[in-house]
Amino acid sequence: MAVRVQSEPFDPGAELSGFAQDRTDIGAVVSFTGLVRDDAGTLDRMEIEHYPGMTEKAITAIVDEAVQRWSLADALVIHRHGPLAPGEIIMMVAAAAKHRVAAFEAAEFLMDYLKSRAPFWKKEFQRDGSTDWVDAKVDDEDALKRWSD
Amino acid sequence: MVEVMYFAWVRERIGEPREKLETQASTVAELVDELRAREPRYAAAFADLSALRVALDQELSDFDAPLKGVREVAFFPPMTGG
């Protein structure tokens, strides 16, 4: 299990190559990578604020739950903070399990919970100088409900 | 003595990231009332509690929660990770 919160860029390919390496009891690895999206072509950068201390605790609790629930062999979460340009990688998750269904579900669960339960806040800085905090979406909160059965 | 922290637009409205406070409040809601009464910038930040979340000692909590024994209170908008 690994949880990393950092401002530095990382190479998701290298991370994935090193993930669950040398294990022979794993049949499936699912990963997700999130990027800074610029729909209108007007974004200068995004800045991600977080709550040092709580961030690591909250993510670790989410990962622990995923590992238990899907009997994961391994799990990885890397999430960046600070300024990020359009196209830059914000974060990745990876889940390793015996079978693919568990790995897919666990990766989705990790993403759903990271979105709404890990203390990060995104602020968009447009090239014209205007700024906006990104609002949480009702859909994101709804996405958590499907895991509570 | 309790350490109160603010994040994202709550921090911007209040104008500082953290402060140490003496409080008589027994719940988070009472602490919010004390803060609102201090200055307009606090009243503005805490105008709509449905737009805010609270963490006590780095665990998500709610506004009815007791403050007894709590060392760190953080106020922030709904999180937008991922």
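Residues numbered from 1 in each chain as written. Chains lettered and ligands numbered in written order. Predicted model: local features only at pLDDT ≥ 70, side-chain atom pairs only at ≥ 80, totals over all residues. Heavy atoms only, no water.

## Some remarks on helix α3 (residues 100–117) of chain A
Because each turn of an α-helix spans 3.6 residues, side chains separated by three or four positions end up pointing in the same direction.
Here comes step 1: With 18 residues, α3(A) should cover 26 Å at 1.5 Å per step; its first-to-last C-alpha distance of 25 Å lies within 8% of that length.
Here comes step 2: Buried within α3(A) we find A:Ala102, A:Ala103, A:Ala106, A:Ala107, A:Phe109, A:Leu110, A:Met111, A:Asp112, A:Tyr113, A:Leu114 and A:Ser116. (Helix = DSSP H or I, 4+ residues; strand = E, 2+ residues; numbered from the N terminus. Expected span 1.5 Å × (residues − 1). Buried < 20%, exposed > 50% of the residue type's maximum accessible area, 1.4 Å probe, protein only.)

## As for the interface of chain A and chain B
Here comes step 1: On the chain B side, the residues contacting the 25 residues of chain A number 20 residues.
Here comes step 2: Where chain A abuts chain B, roughly 1,800 Å² becomes buried across the two surfaces, and 57% of that area is made up of carbon and sulfur atoms.
Here comes step 3: For the pair chain A and chain B, the number of links is two salt bridges.
Here comes step 4: For A:Glu49, the salt bridge is made with B:Arg11, and the minimal N-O distance between the two is 2.6 Å.
Here comes step 5: One can count 14 residue pairs in polar contact (both at pLDDT 80 or more) joining chain A with chain B.
Here comes step 6: Counting only elements with at least two residues in the side of chain A that touches chain B, the list comes to β3 (43–50), α2 (54–69), β6 (89–97), α3 and β7 (120–126) of chain A.
Here comes step 7: Here the element with the most residues in the side of chain A that touches chain B is α3(A); it accounts for five residues.
Here comes step 8: Partitioning the side of chain A that touches chain B into residue classes produces 14 nonpolar, four polar and seven charged. (Contact = heavy atoms within 4.5 Å. Buried area = accessible area lost by both parts, 1.4 Å probe. Salt bridge = Lys/Arg side-chain N within 4 Å of Asp/Glu carboxyl O. Polar contact = N/O pair within 3.5 Å; in protein donor to acceptor, adjacent residues only side chain to side chain. Nonpolar A, V, L, I, M, F, W, Y, C, P; charged D, E, K, R; others polar.)

## Points about the packing of α2(A) against α3(A)
All names here are of chain A.
Here comes step 1: Packing of α2 against α3 leaves a shortest axis separation of 10 Å and a crossing angle of 155°. With respect to their mutual orientation, α2 and α3 come out roughly antiparallel. Crossing of α2 over α3 shows right-handed handedness. Mapping the contact onto sequence places Ala58, Ile59, Ile62, Val63, Glu65, Ala66 and Arg69 in α2 and Phe109, Leu110, Tyr113, Leu114 and Arg117 in α3.
Here comes step 2: Broken down by class, the residue content of the contact of α2 with α3 amounts to nine nonpolar, no polar and three charged. (Axes fitted to C-alpha atoms, helices over the stretch in contact; angles between N-to-C directions. Parallel < 35°, antiparallel > 145°, perpendicular 65-115°, else oblique. Left-handed = near helix turned anticlockwise from the far one by under 90°.)

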